[in-house]
Amino acid sequence: MEKILVTGASGQLGAELVAALRAKYGEKQVISSDIKETPNDPNFLMLDILNKTRLREIVIEHKVTQIYHLAAILSASGEWDPKKTWNVNLNGLLTILNLGQEGLIDKIFFPSTIAVHGLNTPKQNTPQFTDFTPSTVYGISKITGELWCNYYHKRYGVDVRSLRYPGIISWKTKPHGGTTDYAVEIFYDAIEKGSYECFLQEDTMLPMMYIDDAISGTLQLMDADKEKLSLRTSYNLAAVSFTPSQISQLIKDKMPDFNISYKPDFRQAIADSWSQTIDDSYARKDWGWKPKFDLNDIVDMMLEKLNIKLKQ
Ligand code: AKB
């Protein structure tokens, strides 16, 4: 029977991944953990990912078989303290890979990101294998993490799997510290204030994905037969690409009084260094990836769900 540990479980992806894993494996089979307490979760444990001793104790005590290692500092907040970002994003992963090497855990999930791309990477239909010269410490830590995953798989047979997520759009939990966060903030402000001041320019195109697609892609990859996986760095993963101006127009179609204004800040340079559209043909070919939600679906779902949530 699987026993799963999720690190960074209070984050945007973690909160929904824990729910999906519990629906699949059972409530008690999934331990959520984070550096800050999550109320009302009897299967939650406090865990600082840099505390190697505690992490090992949890794995041994609870007979953990799989770790979804989501704890990380994202692209924008990472720039405030590069050394801390490197330490959190990389050393936590290395501790987990070592537990895999020792045979204490069977399977590991490591989230990577479009932030591994940089100014020299082709922006359109960005290939799986390309230039990786990221401009943020977050991107540097993630591409390095990918290489360590590949190394531990090839050298020690560790079953570690990874996806390069685009920006994730969700309504249950807000993202924190990312460059793609505008695509969630815009819905909150549209409903709560009727207007949004965007920190990116109107024509900044970025790859994005609805949370349900991100969750089902993750579970699909983790369930895939080992033999089908030709990549142990990280798979490109795509769903939709759009600009602030395009998403705001769709919101305006539903909420004609909505207004957007633009005040780009330091996050503009980060966004400008990333890809605009992604070639995810390896994920499609190896394990059957196919997103379900297009931009119209995302706008409909976000407005519907957030309208209910914010009125409660
Ligand atoms: C960020 O904006 O930092 C993240 C990401 C694309 O990895 N959402």
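How each quantity is defined
Residues numbered from 1 in each chain as written. Predicted model: local features only at pLDDT ≥ 70, side-chain atom pairs only at ≥ 80, totals over all residues. Heavy atoms only, no water. Helix = DSSP H or I, 4+ residues; strand = E, 2+ residues; numbered from the N terminus. Buried < 20%, exposed > 50% of the residue type's maximum accessible area, 1.4 Å probe, protein only. Pairing = 2+ DSSP bridges. Axes fitted to C-alpha atoms, helices over the stretch in contact; angles between N-to-C directions. Parallel < 35°, antiparallel > 145°, perpendicular 65-115°, else oblique. Left-handed = near helix turned anticlockwise from the far one by under 90°. Contact = heavy atoms within 4.5 Å. Nonpolar A, V, L, I, M, F, W, Y, C, P; charged D, E, K, R; others polar. Domains from an automatic or database assignment. Buried area = accessible area lost by both parts, 1.4 Å probe. Salt bridge = Lys/Arg side-chain N within 4 Å of Asp/Glu carboxyl O. Polar contact = N/O pair within 3.5 Å; in protein donor to acceptor, adjacent residues only side chain to side chain.

## So, the side chain of T233
Mapped onto the elements of the fold, T233 is located in the loop between α7 (211-223) and β10 (235-236). Residue classification places T233 among the buried residues on the basis of a relative accessible area of 15%.

## Here's the deal with the pairing of strand β4 (residues 66-69)
Going residue by residue along β4, you find Q66 and Y68 tucked away on one face and I67 and H69 tucked away on the opposite face as well. In this sheet, β4 lies alongside strand β1 (residues 4-7) in parallel orientation, the contact comprising 4 bridges. Each bridged residue has a counterpart across the sheet, and for L5 the counterpart in β4 is I67. By the bridge criterion, 3 bridges tie β4 to strand β5 (residues 107-113) in an arrangement that is parallel.

## Considering the packing of helix α8 (residues 244-254) against helix α11 (residues 295-311)
Viewed as axis vectors pointing N to C, α8 and α11 meet at an angle of 55°, and their least axial separation amounts to 10 Å. Here α11 runs oblique to α8, going by the angle between their axes. The interaxial crossing formed by α8 with α11 has right-handed handedness. The segment α8 lies against α11, with I247, L250, I251 and K254 engaging L295, N296, V299, D300 and L303. A per-class count over the contact of α8 with α11 returns 6 nonpolar, 1 polar and 2 charged.

## Topic: the domain arrangement of the protein
Segmenting the protein into domains produces domain 1 (4-166 + 210-236) and domain 2 (169-207 + 239-310). Computed from C-alpha coordinates alone, the two centres of domain 1 and domain 2 are separated by 23 Å. Between domain 1 and domain 2, roughly 3,500 Å² of surface is buried when both sides are summed, and carbon and sulfur atoms account for 57% of that area. For the domain 1 face of the interface with domain 2, the top three residues by lost area are Q12, Y210 and D213, together amounting to 23%. Linking domain 1 to domain 2 there are 0 salt bridges. Viewed at the interface, domain 2 and domain 1 are joined by 25 residue pairs in polar contact (both at pLDDT 80 or more). For the side of domain 1 that touches domain 2, the secondary structure elements donating two or more residues are α1 (12-25), α3 (75-78), α7 and β10. Per-element accounting of the side of domain 1 that touches domain 2 gives the leading share, 6 residues, to α7. For the side of domain 1 that touches domain 2, the residue count by class is 19 nonpolar, 18 polar and 6 charged.

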